[in-house]
Structure formats: C-alpha cells, structure tokens
Amino acid sequence: MSRHFLTIADIGDRDLAAIYEMALSPFDDTTLQGQGVALVFERPSLRTRASSSSAVSELGGFATFFSDEEIGLDTRESAEDVGRTLAQMYAICAARIRHHEVFARMASATQDQMSLINLLSDVAHPTQAVADVLTLAEHFADGHVKDLAGLKVAYVGDATNVTRSLAVALLRLGVDVTVGAPEGYQLTRGGLEDPSSLSGGGTLRLTDSAVNAVAGVDAVYTDAWVSMGFEDEAAKRRADLADFRVTTQLMDHAKPTAVLLHCLPAHRGDEITDEVLDSAASLVWRQVFHRRSAMLGVLRWIKEET
Ligand code: CP
Ligand code: NVA
C-alpha cells in the first residue's frame, strides 16, 4: 500500500518529524530513479508547480504536467478513471484539485497502488505548511523544528486551506496560534484538516480583531482574501476583510522582532501592503525556497517504505 500525503492531520508525529528531517538532509538522487510523478493542476500555480517539478527531477524521477483543460477531472472522464490510468504509468500523482474528496475516490479506484500528494485543495495545503514550519524553524530555532514550541503565531484575514494546514502543523509542535478574522471568514469546526479538534500541543485562539490577534506575537501570517474559486465574491470579500489588511501599523502591535509570512501569490494592497511584504521582517522568499525543501521531504518520505 502506497503512502499518501493529503492533510497534515492525516500524518502521524513520527512521520511528520521524518518529513521535516528529510526536507533538509542530504539526499540520494536515485530515490525516484525511473519513476514518474503525474502533476495534475485543476487550478493555476507557480511555486507549487516549480517546487514539485524540480524536487522530482532532483530525486532522479520524471514529472509530467497535466492542466485542468487536458485532464478534465469528472468532465472528460471520471476521477476514478483518471486515477486508474495514471497508476499504470506513474508511481505518484501530485494534484491541485477543486474537491478534496477526489483523493479518496482515486485512492479507492487504484487500491492505493499509486501515492497521492495534495498540492492544495479546498480543504488543505499541507506541502505549504511543511515549508512554513521549516521557514519558522530556520529563523527562530536554528533549524530545529521541535524547538518551535512556545512560539506565538497570528494568522490574519480569511481563514483558508492554508490557515488550516498551518494551524494543525504549528499546534502539533506546541506553537500557540491565534486566528484573527471577521465573522464568516473565521475557522469553522470539523472537516479533515481541523485545528480545533487537536488536544495537547499549542493553544488555538480565535478573535474577530486583527489588532488583538497580532498583539505580542513572534510571527504574522496572511493569505489571499479571494482564494481560487471565490472570484465571484471578490468585491464583497474586499469590503468584509478591509480591517484585516497587514500594514506596518498592524505589525507594530506584534513583537518588535516579529516576522511576516505569506504563502503567495500576494495581492499587494489587499491583504498586505508593499511596505510590509518588502520589509526586512518578511520571510516570504525563504518560504518559497522551502517549498522545494518540503517537496523533497514529502517525496522521500513517500518512497521510504515502498
Ligand atoms: N503558495 C502557493 O501554493 O503558490 P502557487 O499557487 O503559485 O503554487
Ligand atoms: N488560499 C489560496 C492559497 C493560494 C496558494 C487559494 O486557495 O487560492
């Protein structure tokens, strides 16, 4: 049975620790020798496509990219038949999909013969969370992920797929997480990547005040106000989230040493100002760098026991 990487919540503590370790340790460039990775993207991407293609190639494998138009999941043919087809030629299918439940359908249709990696769904963005943890550990803990315990991180804005995976990953490491979002955009209970279901580890606090969320924290994180698939709500979202923009004035409420994280793409002038994104506090380019590290870790972990 192949390993899958679909949410952070799915992955046990030891496996997560192994992924963080394998993200940065020296690797064997034959790990994926002769093996293919199908990269299926139902939605646009820059960082995720770049980091997954390069990590596959660095591990000795080959990647094939399939766009939404080409593959037509559940329009040209069923997700099950796409999975069955890809499993004949590829060891791994890494996919950015609209509906997370497609992963379960593909896994079942292929009897788990092909590993699946979630490259962002409506539910979670777990490879991003691995990169975010590595970035915070590099900055605050000399690269030691376990030493992040006790850190305080605030997420401000629309609580998205990115927020859920980030919060699950950080809480499990003992990081305290506060999410500042207005009504209707806050984290909700339930689902497959649910930070509110965790016990032990860090504390999760929800607030409807951006200032209250960032007060005294070590790091401030934000993401798009208009995630992919929500384009029709753009005007309403901009109005509803206007008080949650990450500005220099908001950052002033965090610790003087606080850093800024953003998964990117940034919508400068919406969720974040140029001044903050381009400031010395911004770790966004280290996050991008660690997207590749994260993919190396996830791919190596997937191949570790198969
Ligand atoms: N952060 C992220 O996933 O970026 P892309 O959408 O460009 O892949
Ligand atoms: N929440 C955003 C993340 C983009 C990387 C989206 O789903 O569009």
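The residue count restarts for each chain, going from 1 along the sequence in the order it is written. Each chain takes a letter, starting from A, and each ligand takes a number, starting from 1, following the order in which they are written. For a predicted model such as this one, the threshold for reporting local features is a pLDDT of at least 70, and the threshold for listing and counting side-chain atom pairs is 80 or more; totals across whole chains, interfaces and linings nevertheless cover every residue. Just so you know, side-chain values use all the structure's heavy atoms and leave hydrogens and water out.

Chemist: I'd love a proper account of the sheet that holds strand β4 (residues 115-118), names of residues and values included.
Modeler: What makes two strands pair is DSSP finding at least two bridges between them. Note on conventions: DSSP H or I runs of at least 4 residues are helices, E runs of at least 2 residues are strands, and numbering of each starts at the N terminus. Pairing within the open sheet is parallel, and its four strands lie in the order β2-β1-β3-β4. The strands lining the two open edges of the sheet, one partner per strand, are β2 (62-67) and β4. Adjacent strand axes in the sheet meet at a mean angle of 20 degrees, parallel and antiparallel pairs treated alike. With four bridges joining them, strand β3 (residues 92-96) and β4 adopt parallel strand pairing. Within the sheet, the bridge partner assigned to C93 lies in β4 and is L116. Strands in contact with helix α12 (residues 284-304) are β3 and β4; relative to β4, the strand with the most contacts, it is inclined by about 160 degrees. Note on method: axes are straight lines fitted to C-alpha atoms, helices fitted across the in-contact stretch only, with angles between N-to-C directions ranging 0 to 180 degrees. A contact between two residues is defined here by any heavy atoms of the two lying within 4.5 Å.

Chemist: Which residues make up the site of ligand 2, and what values do they have?
Modeler: Only a single heavy atom is needed: when it lies within 4 Å of a molecule or strand, its residue is near that molecule or strand. Around ligand 2 sit L120, T160, N161, V162, D223, S227, M228 and L264, and that is every residue in its neighbourhood. N161 places a side-chain nitrogen or oxygen 2.9 Å from a nitrogen atom of ligand 2. Alone, ligand 2 offers 270 Å² of accessible surface; in the complex the protein occludes 94% of this. For each structure, a 1 Å grid was placed over the protein atoms alone; sets of points admitting a 1.4 Å probe that cannot get out are labelled cavities, open sets with protein on both sides within 12 Å along at least five of seven lines are labelled pockets, and lining residues have an atom within 4 Å of a point. Occupancy of a cavity or pocket is assigned to a molecule whenever over half of its atoms lie within 2 Å of that pocket's grid points. Placement of ligand 2 is best described as lying within the largest pocket. Here the residues of the shell around ligand 2 sort into four nonpolar, three polar and one charged. Residues adjacent in sequence count toward polar contacts only when both atoms are side-chain atoms; beyond that, a polar contact is any pair of N or O atoms within 3.5 Å, and within protein one must be able to donate a hydrogen and the other to accept it. Shrake-Rupley sampling with a 1.4 Å probe provides the accessible areas, and residues are treated as covered by the protein chains on show and by no other component. All residues other than Ala, Val, Leu, Ile, Met, Phe, Trp, Tyr, Cys, Pro, Asp, Glu, Lys and Arg, Gly among them, are scored as polar; the first ten of these are nonpolar and the last four charged.

Chemist: Tell me about helix α5 (residues 101-109), and name the residues and values.
Modeler: For an α-helix, the turn length of 3.6 residues means that residues three or four places apart are oriented alike. Within α5 the residues assigned to the buried category are V102, F103, M106, A107 and A109. Across the axial projection of α5, the buried residues extend over an arc of 165 degrees, all falling on one side. Opposite the buried face of α5, by more than 90 degrees, sit the exposed residues A104 and S108. Among the structural elements, α4 (79-89), β3 and β4 are those in contact with the buried residues of α5. Positive backbone phi, at 45 degrees, marks Q111, one or two positions downstream of α5. Note on exposure labels: buried denotes an accessible area under 20% of the residue type's maximum, exposed denotes more than 50%, and partly exposed covers the range between, all computed with a 1.4 Å probe on protein chains only. In this description, one arc is meant: the one made by directions from the helix axis to the C-beta atoms.

Chemist: Outline the nonpolar core, supporting the account with residue identities and numerical values.
Modeler: Generally speaking, nonpolar side chains in soluble globular proteins are found buried as a group. With 59 residues, the main nonpolar core has F5, Y20, I117, L136, L148 and L299 as its most contacted residues. Setting aside anything within four residues of it in sequence, one finds F5 in contact with I11, I19, L116, I117, N118, P126, T127, V130, V298 and W301. In this text, buried Ala, Val, Leu, Ile, Met, Phe, Trp, Tyr and Cys residues form a nonpolar core when linked through side-chain atoms within 4.5 Å.

Chemist: So, the side chain of D270: which residues are in play, and what are the values?
Modeler: Mapped onto the secondary structure, D270 falls in the loop between β9 (259-262) and α11 (274-277). There is a polar contact of 2.7 Å between the side chain of D270 and the side chain of R238. Those residues in contact with D270 that sit more than four places away from it in its chain are W225, R238 and R245.

Chemist: Report on the packing of aromatic side chains, specifying residues and quantitative values.
Modeler: Centre distance and the angle of the planes are the two values used to describe a pair of aromatic rings. Each pair of aromatic rings taken from Phe, Tyr and Trp, with Trp reduced to its six-membered ring, is defined by centres within 6.5 Å and is described as stacked if the planes are under 30 degrees apart, edge-to-face if over 60, and tilted in the remaining cases. Considering all chains together, one arrives at five aromatic pairs under this definition. Centre to centre, the rings of F62 and Y90 are 6.1 Å apart; their planes meet at 50 degrees, and the pair counts as tilted. Of the two residues, F62 is situated in strand β2 and Y90 in the loop between α4 and β3; the sequence distance between them amounts to 28 residues. Among the aromatic residues, ring-to-ring pairing joins F62, F66 and Y90 into one connected group. Should the NZ of a Lys or the CZ of an Arg lie within 6 Å of a ring centre and within 35 degrees of the ring normal, that charge is described as sitting over the ring. If you follow R49 out to its NZ or CZ, it ends over the ring of F65, 3.3 Å from the centre. Stacked on the ring of F289, the Lys or Arg R286 has its end atom at 4.3 Å from the ring centre.

Chemist: Give me the layout of surface pockets: which residues, what numbers.
Modeler: Grid points are joined across faces, edges and corners, and a volume is the space filled by probe spheres set on the points. Within this model, the largest pocket holds a volume of roughly 730 Å³. Along the walls of the largest pocket sit 40 residues, with T160, N161, S227, M228 and F230 positioned nearest its centre. Considering every element that reaches the lining of the largest pocket, the biggest residue donor is helix α7 (residues 161-172), with three residues. Here the lining of the largest pocket is built from residues that sort into 15 nonpolar, 14 polar and 11 charged.

Chemist: Can you explain the environment of G83? Please cite residues and give values.
Modeler: With respect to the helices and strands, G83 occurs in helix α4. Taking the C-alpha atoms as reference points, G83 and G216, separated by 133 residues in sequence, lie 47 Å from one another. Not counting the four nearest positions on each side in its chain, G83 is found in contact with M106, T110 and M114.

Chemist: I'd love a proper account of the packing of helix α1 (residues 13-24) against helix α6 (residues 126-140), names of residues and values included.
Modeler: A packed helix pair is summarised by two numbers, namely the angle formed by the two axes and the spacing between the axes. Running from N to C, α1 and α6 cross one another at 70 degrees; their axes reach a closest spacing of 11 Å. By the criterion of interaxial angle, the relationship of α1 to α6 is roughly perpendicular. Here the hand of the crossing between α1 and α6 comes out right-handed. Residues I19, Y20, A23 and L24 of α1 pack against V130, V133 and L134 of α6. Per-class residue counts for the contact of α1 with α6 are seven nonpolar, no polar and no charged. Throughout, the term roughly parallel applies to angles under 35 degrees, roughly antiparallel to angles over 145, roughly perpendicular to angles from 65 to 115, and oblique to all others. Crossing handedness is read from the near helix: turned anticlockwise from the far helix by less than a right angle, it gives a left-handed crossing, and turned clockwise, a right-handed one.

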